[in-house]
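For reference, the chains in residue letters:
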Amino acid sequence: MAQIKLSNLRHSYMPAPKGPDDYALKEIDVTWRDGGAYALLGPSGCGKSTLLNIISGLLTPSEGQILFDGQDVTTLPPDQRNIAQVFQFPVIYDTMTVGENLAFPLKNRGVDPATIKRRVDEIAEMLDVADMLGTRASGLSPDNKQKISMGRGLVRDDVNAVMFDEPLTVIDPHLKWKLRSKLKELHQRVQATMIYVTHDQTEALTFADEVVVMQDGEVVQIGTPVELFERPQHTFVGHFIGSPGMNVLPCEAKGDRALFEGHEVMLEGPTHGDGGRTDLGIRPEYVGFGDTGIPAHVTKVSDIGRHFVVSAMVGNTALKAVTEHSVPEPGSEVFLQFKPEQSRVYRDGWIATQERAQ
Ligand code: ADP
Ligand code: MG
């Protein structure tokens, strides 16, 4: 196992990149702690697979370095990096049995038969495929093929990291949650550095201790699930994580106040900078109802099980509130209250309100 450091990394698939738009990865500096459980989260096309392929050595970056425990591996080929990579679609040998497939990465490295048997049995047990060890892989369902693929990634215990690139894409929804919690359990057991790539926030937040959020070839925030929820550094994170996502409301800002649709809103702390696109960010969970506050017109109320999502208009701006009690009627006039410690201003997308000192 190793600490993995990406330093000043950039990558373009073009032979002569000109502007930032020509780069699939714009400027990446990330350190992955030895033994950490990470998710790499972002929409399709933001550069997740490019980043993984650079770590595993399938791609050489245009600029920058990859360091494993301080050692520069930027030009080392994949087989010398000791990385296990599980892809979106199963990579297994159809002519071999399940057991032979699982044993392959170990056999390939000259591991002794007794150890191979022990590891294969262990992994098969964890993945619920112990009864299939003698079955030929060609006859398996896509679900099971992908499980074997994951098993092949997990069977070695001498790797620097195990990376999963959207591994649950082909898995049936009802099996997804099961495998997801399996992976979490597996990480706790093997303590390997794991990087789990996904565009699905639920997968990222359940698996990872720390989530790296990417957008357009850049890392916008690295944090625990709670940090990403409680204090998004960028409106993209606020909106992408949470359901519904954070309200991003055009406003003006001065000191520790924002002016939103003509109403003064108390902020978490003082706001710095000026100009640029200015928005007030507040999560629906922190918008409450009261006898006084910001007047709003309720347009829709959705019952989503545990709570209600209330859609409302303040002037010309739509926003959402989440509530468990005091559910207003659609069409009614209400007063909204924004929780000050969860109200902050973003300038050109980036957080601009300071946390008030405790
Ligand atoms: P993700 O995995 O987040 O969906 P990718 O890393 O696959 O994103 O892609 C990032 C960007 O790089 C996209 O704009 C994609 O079109 C481009 N890209 C990916 N692979 C190649 C390639 N082999 N050649 C050229 N462009 C590529
Ligand atoms: Mg991808």
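Look up a bit, the structure's there.
A short tour of the structure in this document, coming up. Everything numeric here is computed off the predicted structure, so don't read it as measured data. (Residues numbered from 1 in each chain as written. Chains lettered and ligands numbered in written order. Predicted model: local features only at pLDDT ≥ 70, side-chain atom pairs only at ≥ 80, totals over all residues. Heavy atoms only, no water.)

Here we take up a negative patch on the surface. Together, D21, E27, D29, D216 and E218 make up a region of like negative charge exposed at the surface. Structurally, the position occupied by D29 is in strand 2 (residues 25-32). The exposure class of D29 is partly exposed, given its relative accessible area of 45%. (Patch = residues over 30% accessible without salt bridge, like charges linked within 9 Å, V, L, I, M, F, W, Y side chains within 5 Å. Areas by Shrake-Rupley, 256 points an atom, 1.4 Å probe, with all protein chains shown as cover. Salt bridge = Lys/Arg side-chain N within 4 Å of Asp/Glu carboxyl O. Lys, Arg positive; Asp, Glu negative; His and termini not counted. Charge placed at Lys NZ, Arg CZ, Asp CG, Glu CD. Helix = DSSP H or I, 4+ residues; strand = E, 2+ residues; numbered from the N terminus. Buried < 20%, exposed > 50% of the residue type's maximum accessible area, 1.4 Å probe, protein only.)

Hydrogen bonds between backbone atoms are what pair the strands of a sheet, whose relative direction is either parallel or antiparallel. Read across the sheet, six strands follow the order 6-7-8-3-9-10 without closing on themselves; strand pairing throughout is mixed. For this open sheet the edge positions go to strand 6 (83-86) and strand 10 (218-223), each flanked by a neighbour on one side alone. Averaged over all pairs of adjacent strands, the angle between strand axes in this sheet comes to 15 degrees, irrespective of strand direction. Pairing of strand 7 (residues 161-165) with strand 8 (residues 194-198), which is carried by four bridges, proceeds in the parallel orientation. Each bridged residue has a counterpart across the sheet, and for D165 the counterpart in strand 8 is V197. In this fold helix 4 (residues 142-154) packs onto strand 6, strand 7 and strand 8, with an angle of close to 170 degrees to the strand it touches most, strand 6. Against the sheet, helix 5 (residues 173-190) contacts strand 3 (37-41), strand 7 and strand 8, and its axis sits at roughly 165 degrees relative to strand 8. (Pairing = 2+ DSSP bridges. Axes fitted to C-alpha atoms, helices over the stretch in contact; angles between N-to-C directions. Contact = heavy atoms within 4.5 Å.)

Structurally, the position occupied by A103 is in helix 2 (residues 98-107). For A103, a relative accessible area of 10% puts it in the buried group. Considering only alpha carbons, one finds A103 and M266, 163 residues apart in sequence, at a separation of 61 Å. With residues up to four places along the chain from it excluded, the contact list for A103 reads I116 and V120.

Counting 46 residues, the largest nonpolar core has L154, V162, F164, V211 and V213 as its most contacted members. Of all the elements, helix 3 (residues 113-126) adds the most residues to this core, at five residues. Ignoring any residue separated from it by four or fewer positions in sequence, one finds F164 in contact with L52, V86, L154, L183, M194, I195, Y196 and V197. Among the nonpolar cores identified, the runner-up in size contains 26 residues, and V30, L40, I55 and I195 belong to it. (Core = buried A, V, L, I, M, F, W, Y, C linked by side-chain atoms within 4.5 Å.)

Attention now moves to the site of ligand 1. Taken together, Y13, A24, P43, S44, G45, C46, G47, K48, S49 and T50 make up the full set of residues near ligand 1. C46 is positioned with one of its backbone polar atoms (N or O) 3.3 Å from an oxygen atom of ligand 1. Interatomic distance of 2.9 Å between a backbone N/O atom of S49 and an oxygen atom of ligand 1. Computed on the free molecule, ligand 1 has an accessible area of 560 Å², of which 52% lies beneath the protein chains in the complex. For the shell around ligand 1, a count of residues per class yields four nonpolar, five polar and one charged. (Near = heavy atom within 4 Å. Polar contact = N/O pair within 3.5 Å; in protein donor to acceptor, adjacent residues only side chain to side chain. Nonpolar A, V, L, I, M, F, W, Y, C, P; charged D, E, K, R; others polar.)

What follows concerns the sheet that holds strand 18 (residues 308-314). The five strands are arranged 16-20-17-18-19 in an open sheet whose pairing can be described as antiparallel. Every interior strand has two partners, whereas the edge strands, strand 16 (287-290) and strand 19 (317-323), have only one. Strand-to-strand, the axes of this sheet are offset by a mean angle of 50 degrees, without reference to chain direction. Where strand 17 (residues 294-303) lies against strand 18, six bridges are found, and the strand directions are antiparallel. Bridge pairing links H297 to M313 in strand 18.

The step from S243 to P244 runs through a cis peptide bond, and the omega angle for that step is 0 degrees. If you trace the backbone, P244 turns up in the loop between helix 8 (235-240) and strand 11 (247-250). A positive phi angle, close to 45 degrees, is found at D69, a residue other than glycine. Counting through the fold element by element, D69 comes out in the loop between strand 4 (63-68) and strand 5 (71-72). The backbone phi angle of E166 is positive, close to 45 degrees, even though this residue is not glycine. Mapping E166 onto the fold places it in the loop between strand 7 and helix 5. Relative accessible area serves as the criterion here: at 12%, E166 is assigned to the buried category.

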